[in-house]
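Fold and contact review
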Amino acid sequence: MPCPKTEYLIQEYFADDLAPVAREEIEVHFNSCEYCSNELEVLLRSQSDLSQWQDQQVPHWDRGMELFRREHSVINEGRGFWSGWQWISTAVSLAMLAVLLLNVNVVSNEEGFSISFDALGAQNAYLDARMLAFEQGQKEAMDALVQRIEDSQEGNNIELLQVVMEQAQQTTIENLEVIYAYFERQRLQDLEDMRVGYQELVDNDFATIRSLQQIAQFISYQGEIR
Amino acid sequence: MSLIDEDQELVAAAINGSANAWEKLVKRYEGKIYNQGLRLMGNSSDAMDLTQEVFLGLYRNLHRFRGDAKFSTWIFRIAHNKAIDLSRRNRFLPSRTQIEMQEEIDALEAVHGASSFEPEKAIGELQQNNQIARILGKLSIEQRLVVELKVFQSLTFEEIAIMQDVSANTVKTRFYAALKKLKAVSEEYYALP
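How each quantity is defined
- Residues numbered from 1 in each chain as written.
- Chains lettered and ligands numbered in written order.
- Predicted model: local features only at pLDDT ≥ 70, side-chain atom pairs only at ≥ 80, totals over all residues.
- Heavy atoms only, no water.
- Helix = DSSP H or I, 4+ residues; strand = E, 2+ residues; numbered from the N terminus.
- Buried < 20%, exposed > 50% of the residue type's maximum accessible area, 1.4 Å probe, protein only.
- Contact = heavy atoms within 4.5 Å.
- Areas by Shrake-Rupley, 256 points an atom, 1.4 Å probe, with all protein chains shown as cover.
- Salt bridge = Lys/Arg side-chain N within 4 Å of Asp/Glu carboxyl O.
- Disulfide = S-S within 2.5 Å.
- Buried area = accessible area lost by both parts, 1.4 Å probe.
- Polar contact = N/O pair within 3.5 Å; in protein donor to acceptor, adjacent residues only side chain to side chain.
- Nonpolar A, V, L, I, M, F, W, Y, C, P; charged D, E, K, R; others polar.
- Core = buried A, V, L, I, M, F, W, Y, C linked by side-chain atoms within 4.5 Å.
- Phe/Tyr/Trp six-rings, centres within 6.5 Å; stacked < 30°, edge-to-face > 60°.
- Lys NZ or Arg CZ within 6 Å of the ring centre and 35° of its normal.
- Expected span 1.5 Å × (residues − 1).
- Axes fitted to C-alpha atoms, helices over the stretch in contact; angles between N-to-C directions.
- Parallel < 35°, antiparallel > 145°, perpendicular 65-115°, else oblique.
- Left-handed = near helix turned anticlockwise from the far one by under 90°.

Helix and strand content of chain B: nine helices and zero strands. Counting helices and strands in the order they occur from the N terminus, chain B gives α-α-α-α-α-α-α-α-α. Relative to its full complement of 193 residues, chain B shows a buried share of 49%. The long-range fraction of contacts in chain B, counting pairs at least 24 apart against all pairs at least 6 apart in sequence, stands at 61%. As displayed, chain B offers around 9,800 Å² of accessible surface, 51% of which is attributable to carbon and sulfur atoms.

Listed below in structure tokens is the structure:
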């Protein structure tokens, strides 16, 4: 049965600043009024369901930084120790590009360091000779290796051939035995077939003779009647 | 240093033109404002609009912050007013179809953006949030705001009354009516085949 106090009491129940005495009175009523008690339970559950919310991540946005920087004319604000070093990687890349494009040659010997631009020509002959010797050495090593592989391959081939031939012989003998057995079986089968055929033929001939005898008897009997 | 003091320092630095301070301030509150937007507006697009408008409003009025109230109270008051503006501008709540279409986009965004590398968990949380947002969407904006401030922001009825410029009794009545409506909507929702 609905209670006239439900709405007021539940509204007060959810107030945070409710005096302890008032809260106690409300709870006494809830304990004695089934309608109010059920209503409160359901509403507390509704409130509790909402608390299941899980905070979601904010999608990426610029956080108003562009507006802030524009209006405050902030060009480049320091961001700690590393902020001043952010161009280092670009500078190093540019320096390496320059070294490559200008053919920079750095020589270090007992006389000290020397740097020259486009100095590759002087070293070309030396490099060519070194390259030629290296190529020759590589070619000889390669030839020797190929020869060794060929020899090894030849030996392997002979062994393989022998094995194959032995296996072929063995297989041939076994095959011949099988063929012989087959022919023998076939021969015996043919003899049996032939015997049965002759028997049938003899039986047929005998039946034919019997028929002819019966016909002859019939004819002679007919002749006697006439 | 307490969070309140840190907030005041960041505000002071931002007023003096520190972009770092501004960014820290935004990072500190954007999650709360965005999630508040999701609950109040029902979809991520409007929630993002609300977030941007709140921080734009904050930026425009930063010099007015005197420090006599908590910064969080101030920013949530801005969010409250912006939510009402945005809701009135939209006039109508997003239709069920729009919400469902948005769910798929949101799910993908959330899975891609999840730092925990647990897409199943992220989708489960998202579905739960969408269900809560859908149920909240059945309330009027006034009821939704009372629920938001009472349940999610843990404000008292008196604080809500001051923020909404109404009596505490009105707030209590709205909250009670909102809970009754939520109960009815939940029952209807779960009764669907």
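Turning our eyes to something else, we now look at the overall build of chain A. Assigned secondary structure in chain A consists of six helices and two strands. Split by element, the accessible area of chain A, about 18,900 Å² in all, is 59% carbon and sulfur.

Applying the stated criterion across every chain, the model contains 13 salt bridges over all chains. For Lys172(B), the salt bridge goes to Glu12(A), with nearest N and O atoms at 3.1 Å. Taken together, the residues span two chains, with Lys172(B) in helix 9 (residues 168-191) and Glu12(A) in helix 1 (residues 6-13). Residue Lys172(B) shares its accessibility class with Glu12(A), and that shared class is buried. The salt bridge partner of Glu6(B) is Arg28(B), with a shortest N-O separation of 2.4 Å. Pair noted here: Glu6(B) is in helix 1 (residues 3-15) and Arg28(B) is in helix 2 (residues 19-41), with a separation of 22 residues, a long-range link.

The next point concerns the state of the cysteines. Residue and element names in this part refer to chain A. Applying the stated criterion across every chain, the model contains zero disulfides over all chains. Lacking any disulfide linkage, Cys 3 is separated from the closest cysteine sulfur, that of Cys 36, by 3.7 Å. Note on Cys 3: relative accessible area 15%, which makes it buried. Free of any disulfide, Cys 36 has its nearest cysteine sulfur in Cys 33, 3.6 Å distant.

The subject of this paragraph is the interface of chain B and chain A. The partner chain A presents 38 residues to the 50 residues of chain B that form the contact. In total, chain B and chain A occlude about 4,100 Å² of area from one another, counting both sides; carbon and sulfur atoms represent 60% of this. Linking chain B with chain A are five salt bridges. Where Glu30(B) meets Arg63(A), a salt bridge forms, and the shortest distance between an N and an O atom there is 2.9 Å. Across the contact surface, chain B and chain A share twelve residue pairs in polar contact (both at pLDDT 80 or more). Taken together, the elements giving at least two residues each to the side of chain B that touches chain A come down to helix 1, helix 2, helix 3 (44-60), helix 5 (96-113), helix 6 (119-136), helix 7 (141-152), helix 8 (157-164) and helix 9 of chain B. Sort the elements by how many residues they give to the side of chain B that touches chain A and helix 2 of chain B lands first, with twelve residues. Residues that form the side of chain B that touches chain A fall into these classes: 25 nonpolar, 13 polar and twelve charged.

Structurally, Lys150(B) is set in helix 7. Engagement of the side chain of Lys150(B) in a polar contact is seen with the side chain of Asp16(A), the distance being 2.5 Å. Every residue in contact with Lys150(B), bar those within four places of it in the chain, is listed here: Phe14(A), Asp16(A), Leu155(B), Phe157(B), Ile160(B) and Phe175(B).

This brings us to the nonpolar core. Among the nonpolar cores identified, the biggest contains 74 residues, and Trp22(B), Leu58(B), Phe71(B) and Ile75(B) are the most heavily contacted of them. If one sorts the elements of this core by residue count, helix 2 of chain B sits on top with eleven residues.

For Leu38(B), the location among the structural elements is in helix 2. When the C-alpha positions of Leu38(B) and Asn129(B) are compared, they lie 8.7 Å apart, and in sequence the two are 91 residues distant. Once you skip the residues sitting within four places of it in the chain, Leu38(B) turns out to touch Trp53(A), Gln56(A), Asn43(B), Ser44(B), Ala47(B) and Ala133(B).

Let us now look at the packing of aromatic side chains. Using the criterion set out here, one finds 13 aromatic pairs over all chains in the structure. With a centroid separation of 5.8 Å and an interplanar angle of 15°, the aromatic rings of Phe68(A) and Trp22(B) are classed as stacked. Remark: Trp22(B) occurs in helix 2 and Phe68(A) occurs in helix 4 (residues 65-72); the pair is interchain, linking two chains. Accessibility assignment for this pair places Phe68(A) and Trp22(B) in one class, buried. An aromatic cluster is present here, built from Tyr13(A), Phe14(A), Phe30(A), Phe157(B) and Phe175(B) joined pairwise through their rings. Just above the ring of Tyr13(A) sits the side chain of Arg23(A); from NZ or CZ to the centre is 5.3 Å.

Turning to helix 5 (residues 88-101) of chain A, a few remarks are in order. The terminal C-alpha atoms of helix 5 of chain A lie 20 Å apart, and with 14 residues this matches the ideal 20 Å at 1.5 Å per residue to within 8%. Phi for Asn103(A), located one or two positions after helix 5 of chain A, is positive at around 50°.

Residue and element names in this part refer to chain A. Put simply, helix 1 and helix 3 (residues 34-50) touch, their axes get as near as 10 Å, and they point 45° apart. The orientation of helix 1 with respect to helix 3, classified from their angle, is oblique. Here helix 1 and helix 3 pass one another in a crossing that is right-handed. Between helix 1, through Thr 6, Ile 10 and Tyr 13, and helix 3, the contact on the second element is made entirely by Tyr 35, Cys 36, Glu 39, Leu 40, Leu 43 and Leu 44. When grouped by side-chain class, the residues that make up the contact of helix 1 with helix 3 number seven nonpolar, one polar and one charged.

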